[in-house]
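# A look at the structure
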Amino acid sequence: MAVITFSAFSSIVGALFGTRYVSNTPANGWKRLGYDEDKPFIGHYDGNNKAIKNLYIKNTSDDSYISLFGNVENSSITNLNCENVDIFGEDSVAALAGGAENLIITNCHVSGKIVMNEGCCVGGLVGTGYALTVTNCSSTVDISSYYNPDYSAYIGALIGYTEDSSFKNCCSTDGIVSGTRYSGGLIGYAAYDCMIEDCETKGMIVKGRVKNLFSIYKKLQNKVKTFDEVYDFFAI
């Protein structure tokens, strides 16, 4: 697998989209594509089975959509590895997309560390996602949040919070998910007709109160299940 250093990736993006996406303060790392709900990333990104290494983001403001692609709509991301990410943000935090709607993710894999600062919705692939189609993806991440009983919710190794989404042949392995409420080995919280097929967790440690059946999906792997308003389950 070919590897692109993150500094090289930043240079390419700067040349294609303008330097506004490359942080003027290196200490804070990457400035996301798809900055917010009014300016989402819309397109089709094929990573060509290459890896971006050492993605670094440190956002200490109350901004949302802290990730490589920020907020994404009506798009696809395929064949991309993000290795050894180091991300810190407030709300809707992830490696690939902080927020997403109508997004197809295929053959993407992430590893590293993600920390959420008292906000909501953090995941390895996507923080907050609606109408996702996720296939052949994996996550090996340590995800944590600063303790706050009123926040720090919806934390999952793959997805933080999602609705009307489907997942097939996905897994999370050898990571730690730690939060106050709604933490999951795969998905922090899933609502409204989510479907999961042939997915599993391996060696995950989940800490905190969990209200998501997908947290214990290792008992249901290799089966097709559709859930509507799944909640009130605890990790085992």
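Here, every reference points to the structure presented above.
Definitions and cut-offs
Residues numbered from 1 in each chain as written. Predicted model: local features only at pLDDT ≥ 70, side-chain atom pairs only at ≥ 80, totals over all residues. Heavy atoms only, no water. Helix = DSSP H or I, 4+ residues; strand = E, 2+ residues; numbered from the N terminus. Buried < 20%, exposed > 50% of the residue type's maximum accessible area, 1.4 Å probe, protein only. Pairing = 2+ DSSP bridges. Phe/Tyr/Trp six-rings, centres within 6.5 Å; stacked < 30°, edge-to-face > 60°. Contact = heavy atoms within 4.5 Å.

Here the focus is unusual backbone geometry. Even without glycine at this site, Asn 48 takes up a positive phi of about 55°. In the Ramachandran plot, Asn 136 falls in the positive-phi region, its phi being about 55° despite a non-glycine side chain. Looking at the secondary structure, you find Asn 136 in the loop between strand E9 (126-135) and strand E10 (138-145). The class of Asn 136 is partly exposed, set by a relative accessible area of 35%.

Bringing the pairing of strand E17 (residues 194-197) into the picture now. Taking every second residue as pointing to the same face, the buried face of E17 carries Cys 194 and Ile 196, while none of Met 195 and Glu 197 on the other face is buried. Inspection of the sheet shows strand E13 (residues 166-168) paired to E17 by three bridges, in the parallel sense. Paired with Lys 168 across the two strands is Glu 197, which belongs to E17.

Before going further, it helps to spend a moment on the packing of aromatic side chains. This structure, assessed with the given rule, holds eight aromatic pairs. Aromatic ring contacts, followed pair by pair, group Tyr 130, Tyr 154, Tyr 161, Tyr 182 and Tyr 189 into a single cluster.

With respect to the helices, strands and loops of the structure, Ser 138 is situated in strand E10. Relative accessible area serves as the criterion here: at 17%, Ser 138 is assigned to the buried category. Not counting chain neighbours up to four residues away, the residues in contact with Ser 138 comprise Cys 108, His 109, Val 110, Leu 125, Leu 158 and Cys 171.

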